[in-house]
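The residues making up each chain are set out below.
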Amino acid sequence: VISLPAPPPPRDDGDEEFWTATTEGRLLLRRCDACGTVIWYPRPICPSCHSTDTSWTDASGMGTVYSFTVVRRGVGRFATAVPYVFAYVELAEGPRVMTNVVDCDPETVYIGMPVELVFHDTGERSALYRFRPTSVGQQLP
Ligand SMILES: [Zn+2]
């Protein structure tokens, strides 16, 4: 299996906690304490009820493929990583996140496929959240 490059994401003020958590193998979600909405992307104001009463919660790491495409011509560092899967994964908590599905033959990916979170370290104090079929994890000891 060709591993996908893991370029460091652009950083903004205020997202340090989020990216630091990724280096610890945790995907943080922002949850509204007023109405319960899980907020993605993480931001301090609830898009549903405009409350600023929000807090971090750990994602379970489970999800399903909502939509995907197989990239067959990559650019830059991704040129030699093709084919690879670019996808939206719907987290168990509800949000749909832009990501990659890795550790499998791209031809085996399907909409509704159960996937689980994996992290690819960028080497620069962050890790990218990606997903692999849950069946891959079940084969490991
Ligand atoms: Zn709310």
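Provided above is the structure to which this section pertains.
Residues numbered from 1 in each chain as written. Predicted model: local features only at pLDDT ≥ 70, side-chain atom pairs only at ≥ 80, totals over all residues. Heavy atoms only, no water.

This brings us to the overall build of the protein. Looking only at helices and strands, the protein features 2 helices and 8 strands. Helices (α) and strands (β) of the protein occur, in sequence order from the N terminus, as α-β-β-β-β-β-β-β-β-α. Taking 14 Å as the expected radius of gyration for a compact globule of 141 residues, we find that the protein reaches 16 Å, a close match to that expectation. Dimensions along the principal axes, computed over C-alpha positions, put the protein at roughly 45 × 30 × 30 Å. Taking all 141 residues of the protein together, 42% fall into the buried category. (Helix = DSSP H or I, 4+ residues; strand = E, 2+ residues; numbered from the N terminus. Rg over C-alpha atoms; globule rule 2.2 N^0.38 Å. Buried < 20%, exposed > 50% of the residue type's maximum accessible area, 1.4 Å probe, protein only.)

For the rest of this paragraph, the subject is the sheet that holds strand E2 (residues 38-39). Pairing in this open sheet of 3 strands is antiparallel, and the strands run E2-E1-E3 from one edge to the other. One side of each edge strand has no neighbouring strand; the edge strands of this open sheet are E2 and strand E3 (54-58). Across 2 bridges, the pairing between strand E1 (residues 28-32) and E2 is antiparallel. Across the sheet, Arg-30 pairs through a bridge with Ile-39, a residue of E2. (Pairing = 2+ DSSP bridges.)

Below, the discussion takes up unusual backbone geometry. The linkage connecting Trp-40 with the following residue, Tyr-41, adopts the cis geometry, with an omega of -5°. If you trace the backbone, Tyr-41 turns up in the loop between E2 and E3. In this structure, the amide linkage connecting Val-82 to the following residue, Pro-83, adopts the cis form with an omega of -10°. By the secondary structure assignment, Pro-83 is in the loop between strand E4 (62-71) and strand E5 (84-91). With phi around 65°, Asp-103 is a residue other than glycine that occupies positive phi space. Locating Asp-103 in the fold gives a position in the loop between strand E6 (96-101) and strand E7 (114-121). Its relative accessible area of 33% is what places Asp-103 among the partly exposed residues. Unusually for a residue other than glycine, Arg-125 sits at a positive phi of about 60°. For Arg-125, the position within the fold is in the loop between E7 and strand E8 (127-133).

Glancing now at the coordination of the zinc ion. Within the protein, the zinc ion binds to Cys-32 (SG), Cys-35 (SG), Cys-46 (SG) and Cys-49 (SG); these donor distances fall in the range 2.3 to 2.4 Å. Taken together, the 4 donor atoms coordinating the zinc ion and their angles of 106 to 116° define a geometry best described as tetrahedral. If you list the donors of the zinc ion from N- to C-terminus, the spacing comes out as C-x2-C-x10-C-x2-C. Highlighted residues: Cys-35 in the loop between E1 and E2 and Cys-46 in the loop between E2 and E3, separated in sequence by 11 residues. The class for Cys-35 is partly exposed, based on a relative accessible area of 41%. Taking the relative accessible area as the measure of exposure, Cys-46 reaches 1% and is therefore buried. (Donors = N, O, S within 2.8 Å, 3.2 Å for Na, K, Ca; no water. Tetrahedral: all angles 85-135°; square planar, octahedral: opposite > 155°, others 65-115°.)

Unoccupied space between atoms shows up once a probe the size of one water molecule is rolled over them. Its volume calculated, the largest pocket comes out at about 750 Å³. Residue lining of the largest pocket: 26 residues in total, with Pro-9, Phe-18, Trp-19, Trp-40 and Tyr-129 positioned closest to the centre. Among the elements of the structure, helix H1 (16-23), E5, E6 and E8 are those that each provide at least two residues to the lining of the largest pocket. (1 Å grid on protein atoms, 1.4 Å probe; cavity = no way out; pocket = protein on both sides within 12 Å on 5 of 7 lines; lining within 4 Å. Points joined across faces, edges and corners; volume = space filled by probe spheres on them.)

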